[in-house]
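A closer look at the structure
Take a look at the letters that make up each chain.
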Amino acid sequence: MMKHMAPALAALLLAGIAHADQDIPDKYPESVLYDAPREVIPGVWSAIGATAPPTYENSGHNNNLSFIITTDGVVVVNAGACYKLAEALHEEIRKVTDQPVRYVILENGQGHAALGSNYWKQQDVPVVAHVDAAREIEEGAHGLLTRMQSYNRDKADGTEVVSPDITFEDEYVIELGGTRIEALYLGPGHSPGDIQVWLPQKKLVISGDMAFHQRLLPIFDDTDTKGWIETYDRFVALDPEVVIPGHGVPTTVDVVTRYTQDYLVFLRGEVQKLLDEGATLAEAYKIDQSAYSDLDTFDELAARNAGKVFEAMEFE
């Protein structure tokens, strides 16, 4: 497939298959953005965040901030981790198009997706989110704001918690400038209200946290790993040619499957063996996950992931 693609996109996809490095310096020092937006396919851009935890140096830009340009406006995916990141992304959008931003879609209710929403609302741009993500923002965003302020310090200035303007349960479709943009909830997975943004005409999906590949996926208390595996099948059924994941460079569905669904199946299988043997949580932390040790955040997350899965599967 790559030989038919533009060289820039092919390079991005190849980078997604190669070993990731989380020790690289900020790629865009003149901006609070970790890296400048790049055009993935014609009309679809993404500012790829650091595949590392949020820090002052990366300004909390450790997820992907994407935008879709149509002949009648722009749709942004993810508001950013703070007001200043949203503002910086808007500056980049203005460099490549005169079209106004019409909508901002949140991939979920996490801080780096949602906390920049008040900037966009100041621009009279409606913010769209799944009902569960909106609930997460209402119930937990002030805690997320406090944590963001602790690492972002002065870069947090101007950020305020606001609620989405538009919520949906199964899908929200935007028809803009001849482009169909589908915000889809395919089922439970990484966190409440995780959605995917599907462009059927372009065969491209902005997957959000449905799919990982350069960094080890994190498992939280509210992560439904069993449901995630089942939901993932519906994600694959979209049959995308290009995946812009929630973290890491654009790649293919085969690559993200290896590091997402295959990893979840592997980890649940290893935990089930321990449960069948009557083992304890301490043994779960020792599960050999070295096949995934080349991924960023492996050291921070591998043992914790195993523990979370063990605790959840004890009660399934």
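Here, the structure is the one placed above.
Residues numbered from 1 in each chain as written. Predicted model: local features only at pLDDT ≥ 70, side-chain atom pairs only at ≥ 80, totals over all residues. Heavy atoms only, no water.

1. Some words on the sheet that holds strand 1 (residues 38-41)
Reading across from one edge, 1-2-3-4-5-6-7 is the order of the seven strands in this open sheet, with mixed pairing throughout. Looking at which strands have only one partner, the edges of the open sheet turn out to be strand 1 and strand 7 (166-168). Ignoring which end each strand starts from, the neighbouring axes of this sheet average 25 degrees apart. Where strand 5 (residues 101-105) meets strand 6 (residues 127-130), two bridges bridge the pair, whose relative direction is parallel. By the bridge assignment for strand 6, V104 is matched with V127. Strands strand 2 (44-47), strand 3 (65-70), strand 4 (73-77) and strand 5 of the sheet are contacted by helix 2 (residues 83-96), whose axis makes an angle of about 30 degrees with strand 3. Along the sheet, helix 5 (residues 131-152) makes contact with strand 6 and strand 7, crossing strand 6 at roughly 105 degrees. (Pairing = 2+ DSSP bridges. Helix = DSSP H or I, 4+ residues; strand = E, 2+ residues; numbered from the N terminus. Axes fitted to C-alpha atoms, helices over the stretch in contact; angles between N-to-C directions. Contact = heavy atoms within 4.5 Å.)

2. Considering the layout of surface pockets
A probe matching the size of a water molecule, rolled over the atoms, marks out where space remains unfilled. Of the voids in this model, the largest pocket is the one considered here, and its volume is about 810 Å³. Put simply, the parts of the chain that give the lining of the largest pocket at least two residues each are helix 3 (111-114), helix 5 and helix 10 (298-313). Tallying contributions element by element places helix 5 first for the lining of the largest pocket, with seven residues. Looking at the lining of the largest pocket residue by residue, the class counts come to twelve nonpolar, eleven polar and nine charged. (1 Å grid on protein atoms, 1.4 Å probe; cavity = no way out; pocket = protein on both sides within 12 Å on 5 of 7 lines; lining within 4 Å. Points joined across faces, edges and corners; volume = space filled by probe spheres on them. Nonpolar A, V, L, I, M, F, W, Y, C, P; charged D, E, K, R; others polar.)

3. Focus: the sheet that holds strand 8 (residues 171-176)
With mixed pairing, the five strands of this open sheet are ordered in space as 8-9-10-11-12. In this open sheet, the two strands that pair with only one neighbour each are strand 8 and strand 12 (242-245). Averaged over neighbouring strand pairs, the angle between their axes works out to 15 degrees when direction is ignored. Relative to strand 10 (residues 196-199), strand 9 (residues 179-184) runs antiparallel, the two sharing three bridges. The residue bridging E182 from the neighbouring strand is W198, located in strand 10.

4. A word on the pairing of strand 3
Counting buried residues in strand 3 gives six out of six residues, a clear majority hidden from the surface. Neither face of strand 3 is open: one carries L65, F67 and I69, the other S66, I68 and T70, and all of them are buried. Bridge count for strand 2 against strand 3 is four bridges, and the pairing is antiparallel. The residue of strand 3 that forms the bridge with S46 is S66. In terms of strand pairing, strand 3 meets strand 4 through five bridges, oriented antiparallel. Opposite F67, over in strand 4, you have V76 as the bridge partner. (Buried < 20%, exposed > 50% of the residue type's maximum accessible area, 1.4 Å probe, protein only.)

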